[in-house]
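# A look at the structure
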Amino acid sequence: MLITYLKLLITAIFWGGTFISGRMLADSVPPFSAAFFRFLFAAVCLYVIVVRREGQFPKLGRQQVLPVVLLGLTGVFAYNVLFFNGLKLVTAGRASVIIANNPIIITGFSALFFKETLSTTKIAGILISVSGAVIAISGGNPLALFAGGIGVGDLYIFGCVLSWSAYSLIGKQVMRDLSPLVAVAYSAAVGVLALLIPACMEGMLVAVPGYSLLDWGNLVYLGVFGTVLGFVWYYEGIQVIGPSRASLFINFVPISAIFLAHIILKEPLTVSLLLGGTLVITGVTLNHLSVAGARMLKSRTRR
């Protein structure tokens, strides 16, 4: 059990580190190329892991093809293009606070499309989390948002939230028939194929010889540690302690990103960023606690 908690904590640090690597790559590797190599490394590793665990790579049924393609286009292609473009324009810490709203947005869309109930605790969590994001984005002055305070970079990163929400909701349907590991492996492969032509048009083949060792190190980190290990360990945690408790560790992602950005990139630790991050984490925690409470109530009712 202790090893499971440790792996989940390290996973959160890995995911926090993706903001640092993305920021470091932003000035040297164009967005389509960075996303292509990240998921090329990830797809190869995931294929090997799936074959070793299941003996072979499962084939898709005809009805599964379109949803899996949509997974790759939303969670891999769109998310990562927006992610790398956004990190050219905003700090890693600020980006991590915006993306930390993912569970809140997913909750809202789940209520809208799947008619999931919104309890008072969930609504409070949404309001607190959104307030935290607004404080972080506006630098502690929400009125600035109405005076041009939101930049293009912020919009790119918020686009990441929307694309990941779509990926999560589509994945909810896909994973009724496929294991999470297989679904992600397929989505990574689809993403790599979708990114290949834009990356080549971006000049990837010509630019590759000029990539530095630091660039390759960051790309390997994003693909292997930020994608493969992070995903595998997270779902191992879900299997051992359940989704509600495992997902609480996601709250450590913006914390690790903010402090790693301060240590490695020398980004300032502003009061608005720390306050905003704290509010986002509080809101997400309330949301998770509400979900966990609802599940416990359902299980007791069934008994």
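Residues numbered from 1 in each chain as written. Predicted model: local features only at pLDDT ≥ 70, side-chain atom pairs only at ≥ 80, totals over all residues. Heavy atoms only, no water.

Attention shifts here to the nonpolar core. Ranked by size, the top nonpolar core spans 57 residues in total, and within it Phe 19, Phe 36, Leu 46, Phe 83, Phe 84, Ile 99 and Ile 157 carry the most contacts. When contributions to this core are tallied by element, the ones reaching two or more residues are helix H1 (2–25), helix H2 (31–54), helix H3 (62–86), helix H4 (92–99), helix H7 (152–174), helix H8 (180–201), helix H10 (213–241) and helix H12 (252–264). No other element matches the 11 residues that H8 contributes to this core. Non-local contacts of Ile 157, meaning those with residues more than four positions away in its chain, are made with Leu 82, Phe 83, Gly 86, Leu 87, Val 90, Ala 95, Ile 98 and Ile 99. (Core = buried A, V, L, I, M, F, W, Y, C linked by side-chain atoms within 4.5 Å. Buried < 20%, exposed > 50% of the residue type's maximum accessible area, 1.4 Å probe, protein only. Helix = DSSP H or I, 4+ residues; strand = E, 2+ residues; numbered from the N terminus. Contact = heavy atoms within 4.5 Å.)

The final tally for this structure, using the stated rule, is 19 aromatic pairs. Judged by centre distance (5.8 Å) and plane angle (15°), the ring pair of Tyr 221 and Phe 225 falls under stacked. Taken as a pair, Tyr 221 and Phe 225 lie in helix H10 at a separation of 4 residues, close to a single helical turn. Among the aromatic side chains, those forming a connected cluster through ring pairs are Phe 19, Tyr 79, Phe 83, Phe 84, Trp 164 and Tyr 167. (Phe/Tyr/Trp six-rings, centres within 6.5 Å; stacked < 30°, edge-to-face > 60°.)

Before going further, it helps to spend a moment on unusual backbone geometry. Excluding glycine, residues mostly have negative phi values, and the peptide bonds linking residues are mostly trans. Positive phi values are uncommon outside glycine, yet Lys 266 reaches one of about 60°. Note on placement: Lys 266 falls in the loop between H12 and helix H13 (271–302). With relative accessibility at 66%, the residue Lys 266 sits in the exposed group.

With that out of the way, let us pick up H4. For H4, a buried count of 7 out of 8 residues is recorded, marking the element as mostly surrounded by other parts of the structure. When H4 is considered as a whole, its buried residues turn out to be Ala 92, Gly 93, Ala 95, Ser 96, Val 97, Ile 98 and Ile 99.

Two elements in contact, helix H5 (residues 102–113) and H7, have axes separated by 9 Å at closest approach and are oriented at 55°. As judged from the angle between their axes, H5 and H7 are oblique. Crossing of H5 against H7: the hand is right-handed. For the pair H5 and H7, contact is made by Asn 102, Ile 105, Ile 106, Phe 109, Ser 110 and Phe 113 and by Cys 160, Val 161, Leu 162, Trp 164, Ser 165, Ser 168 and Leu 169, respectively. The class makeup of the residues in the contact of H5 with H7 is 9 nonpolar, 4 polar and no charged. (Axes fitted to C-alpha atoms, helices over the stretch in contact; angles between N-to-C directions. Parallel < 35°, antiparallel > 145°, perpendicular 65-115°, else oblique. Left-handed = near helix turned anticlockwise from the far one by under 90°. Nonpolar A, V, L, I, M, F, W, Y, C, P; charged D, E, K, R; others polar.)

A few words now on the environment of Thr 270. Here Thr 270 is to be found in the loop between H12 and H13. According to the relative accessible area criterion, Thr 270 is partly exposed, its value standing at 33%. It is 9.1 Å that separates the C-alpha atoms of Thr 270 and Ala 136, two residues lying 134 residues apart in sequence.

This next bit is on the pattern of salt bridges. Under the definition given, this model contains 3 salt bridges. When the shortest N-O distance is used, the salt bridge between Lys 7 and Glu 236 registers 3.2 Å. Note that Lys 7 is positioned in helix H1 and Glu 236 in helix H10, a separation of 229 residues in sequence. Residue classification places Lys 7 among the partly exposed residues on the basis of a relative accessible area of 26%. We note a salt bridge from Arg 53 to Glu 236, for which the minimum N-O separation is 3.3 Å. Placement of the pair is Arg 53 in helix H2 and Glu 236 in helix H10, with a sequence separation of 183 residues. (Salt bridge = Lys/Arg side-chain N within 4 Å of Asp/Glu carboxyl O.)

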